[in-house]
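# Chain and residue survey
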Amino acid sequence: MTLAMTPPKGWNSWDAYGASVNEEEVLRNARIMADKLQKYGWEYIVVDIQWYEPQANSSRYHDFYPLVMDQYSRLLPAENRFPSAQKNLGFKPLADEIHRLGLKFGIHIMRGIPREAVHKNMAIKGTKKTARDIALNNICPWNSDMYGVNVDLPEGQLYYDSLLELYASWGVDFIKVDDIADSKIYGCSHRKEIQAIQKAIQKTNREIVLSLSPGPAHIEEGPFLQDQANMWRLTDDFWDQWPQLYQMFDKCREWSAFIQPGSWPDCDMLPLGHIGIRSVDGGASDRYTRFTKSEQRTMMTLWSIFQSPLMYGGELTDLDPWTESLLTNPAVNQMHGTLTYQTEIFRDQKWIVWCGKSSDKIYYAIFNVSEEERNVPLQIIDKVLTKRRYLDLWENQFIEKEVILIESHDCILLEEVI
């Protein structure tokens, strides 16, 4: 992979708006990103699922609701939600506006071809074969929109080619493909359709990041995913609860060997700030993140030293100073984009320690995963922290290593000072 040589960073509409985001909301978040976050490398604005469903109003889907399509079985933006898509312009006007802000534009799609197109036996661009001819009864268990595509048929590949041709003409820079990295029904990724989508991207001659969802991806498929995608999810949807965050340490340890420029294991979005505005997923609705400040810092530290892609899920117009500080810390952002190696180096029931290395720096993240405030034990200090002084990246101050007190579910992120 020669694209996404550093982990992608941006905003995604799902955590705040579910399937219901509209053009005005996308643009107001993009403007805040351009103003406050872009200088720190945040650049993708991603419209999540069901932008083609006129009556979408939350994270709950309207099963078998009529969708907006063109004559070639390709989904189009719902004009009542995205008025600039009128006159058959699709997402091009919105993408153009995002690009004028100096940002990049992304969309979510479901694997497959619309069931509605199959039932109506609609056309496919470039062939006399129809949607019914290429469809497979290979479905998503949680969304009713699509059938799978038989890409063993040339016309199946042709359908994906036509999709990516359309998206490239709109100016799409990022595509999140859902129901593909893992299947709750079929027990593995949909390899053939992943390959077909990547082939279609290459035919466009446009740089388009390919992100695969949801997980958990299967570790035995790591080499395949590295070869075919820029990002792939390690979990199902991640939400703002400590047990899910604690489980991510296992996922990161398992997948760290597969991190490389151009292909990034993905810990999922950052449920920070104001989320759930029109979403009822994650066990709650309209709220500020349920993570404590300690847990928020732990999440940002783990995601950063692991080099996960970073997709902020909150409403950026409500960005508070604390959350902004987590996203804009210069030293943490630099570490996230320049590491060449990282691994877990210590773990017991109370402590987890990661080490990360760049060409000229060494970093240590020490996590207190216990339920009590504790001093970092001498066992860790003596074996891991062999230098006298370290820079605390979150507090931007030097510390002496003798006594380090860390709150429950919190961490410290240190740069070795030579």
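Model, not experiment: these values are computed from the prediction.

The next subject is the overall build of the chain. Looking only at helices and strands, the chain has 13 helices and 23 strands in total. Against the compact-globule benchmark of 22 Å for 418 residues, the chain has a radius of gyration of 22 Å, which places it among compact chains. Counting only C-alpha atoms, the chain reaches 75 × 40 × 35 Å along its principal axes. Counting only residues that meet the buried cut, the chain has 60% of its 418 residues in that class.

Spatially, the 8 strands line up as an open sheet ordered β12-β11-β10-β9-β3-β2-β1-β15, and their pairing is parallel. This sheet does not close on itself; its edge strands, each paired only once, are β12 (264-266) and β15 (310-312). Taking each pair of neighbouring strands and ignoring which way they run, the sheet shows an average axis angle of 25°. Bridge count for strand β3 (residues 104-110) against strand β9 (residues 174-178) is 5 bridges, and the pairing is parallel.

What follows concerns the packing of helix α10 (residues 293-306) against helix α11 (residues 321-328). For any two helices packed against each other, one specifies the crossing angle of their axes together with the interaxial distance. Taken N-terminus to C-terminus, the directions of α10 and α11 make an angle of 20°; their axes are 10 Å apart at the nearest point. Taken together, the axis directions place α10 and α11 in an arrangement best described as roughly parallel. For the element pair α10 and α11, the recorded crossing hand is right-handed. Across from Lys293, Gln296, Arg297 and Met300 in α10, the residues of α11 making contact are Trp322, Thr323, Leu326 and Leu327.

A complete count under the given rule lists 2 cavities of 30 Å³ or more for this structure. Approximately 80 Å³ is the volume attributed to the largest cavity. Of all the secondary-structure elements, those providing two or more residues to the lining of the largest cavity are β9 and β11 (231-233). When the residues that make up the lining of the largest cavity are grouped by side-chain class, the tally is 5 nonpolar, 3 polar and 4 charged.

Let us look at the layout of surface pockets. A volume near 230 Å³ is recorded for the largest pocket. As for the largest pocket, its lining consists of 15 residues, and the residues nearest its centre are Asp392, Glu395, Leu405, Cys411 and Ile412. Going through the elements one at a time, β21 (397-400), β22 (405-406) and β23 (411-416) are the ones with two or more residues in the lining of the largest pocket. No other element matches the 3 residues that β21 contributes to the lining of the largest pocket.

Within this structure, the stated rule accounts for 20 aromatic pairs. Connected via pairs of aromatic rings, a cluster forms that spans Trp51, Tyr52, Phe82, Phe91, Phe105, Tyr167 and Trp170. Taking the ring centre of Phe224 as reference, the NZ or CZ of Arg191 above it sits at 4.4 Å. One residue, Arg389, lies across the ring of Phe398, its end atom 4.3 Å from the ring centre.

Another aspect to go through is the sheet that holds strand β20 (residues 389-392). Judged by pairing direction, the sheet is antiparallel, and its 6 strands sit side by side in the order β16-β17-β18-β23-β20-β21 without closing on themselves. Each of the sheet's edge strands pairs with one partner strand only, and the pair in question is β16 (341-347) and β21. The sheet shows a mean angle of 30° between the axes of neighbouring strands, taken without regard to direction. Bridge analysis of strand β17 (residues 351-357) against strand β18 (residues 362-368) gives 7 bridges, and the strand direction is antiparallel. Bridge pairing links Trp354 to Ala365 in β18. Strands β16, β17, β18 and β23 of the sheet are contacted by α10, whose axis makes an angle of about 145° with β18.

Right, let's talk about the pairing of strand β10 (residues 209-212) for a bit. Of the two faces of β10, the one holding Val209 and Ser211 and the one holding Leu210 and Leu212 are both buried throughout. Bridge count for β9 against β10 is 4 bridges, and the pairing is parallel. Looking at the pairing, Phe174 lines up with Val209 of β10. Remark: the β9/helix α7 (residues 191-204)/β10 crossover connection has right-handed handedness.

Helix length check: α7, at 14 residues, gives a terminal C-alpha distance of 20 Å against a target of 20 Å (1.5 Å per residue), a fit within 8%. Among the residues of α7, Glu193, Ile194, Ala196, Ile197, Gln198, Ala200, Ile201 and Thr204 are the ones counted as buried. Close packing links the buried residues of α7 with β8 (146-149), α6 (154-170), β9, β10 and α8 (222-228).

Our focus in this paragraph is the nonpolar core. Counting residues in hydrophobic clusters, the biggest one holds 123 residues, and the most contacted among them are Trp51, Ile107, Leu212, Trp303 and Trp354. In terms of residues, this core owes the most to one element, α6, which gives 7 residues. Trp351, Val376, Leu385 and Ile406 belong to the second-largest nonpolar core, a separate cluster that totals 17 residues.

With 6 of 6 residues buried, β23 lies mostly within the body of the structure. Across the two faces of β23 the burial is the same, with Cys411, Leu413 and Glu415 and Ile412, Leu414 and Glu416 all buried. Direction of pairing for β18 relative to β23: antiparallel, over a ladder of 5 bridges. Paired with Ile366 across the two strands is Ile412, which belongs to β23. Pairing geometry for β20 and β23, over 3 bridges, is antiparallel. Looking at β23, one finds that Leu391 is bridged to Glu415.

Criteria and cut-off values
Residues numbered from 1 in each chain as written. Predicted model: local features only at pLDDT ≥ 70, side-chain atom pairs only at ≥ 80, totals over all residues. Heavy atoms only, no water. Helix = DSSP H or I, 4+ residues; strand = E, 2+ residues; numbered from the N terminus. Rg over C-alpha atoms; globule rule 2.2 N^0.38 Å. Buried < 20%, exposed > 50% of the residue type's maximum accessible area, 1.4 Å probe, protein only. Pairing = 2+ DSSP bridges. Axes fitted to C-alpha atoms, helices over the stretch in contact; angles between N-to-C directions. Parallel < 35°, antiparallel > 145°, perpendicular 65-115°, else oblique. Left-handed = near helix turned anticlockwise from the far one by under 90°. Contact = heavy atoms within 4.5 Å. 1 Å grid on protein atoms, 1.4 Å probe; cavity = no way out; pocket = protein on both sides within 12 Å on 5 of 7 lines; lining within 4 Å. Points joined across faces, edges and corners; volume = space filled by probe spheres on them. Nonpolar A, V, L, I, M, F, W, Y, C, P; charged D, E, K, R; others polar. Phe/Tyr/Trp six-rings, centres within 6.5 Å; stacked < 30°, edge-to-face > 60°. Lys NZ or Arg CZ within 6 Å of the ring centre and 35° of its normal. Right-handed = clockwise from strand over helix to strand, strands pointing away. Expected span 1.5 Å × (residues − 1). Core = buried A, V, L, I, M, F, W, Y, C linked by side-chain atoms within 4.5 Å.

Any functional reading would require information beyond the geometric quantities listed.
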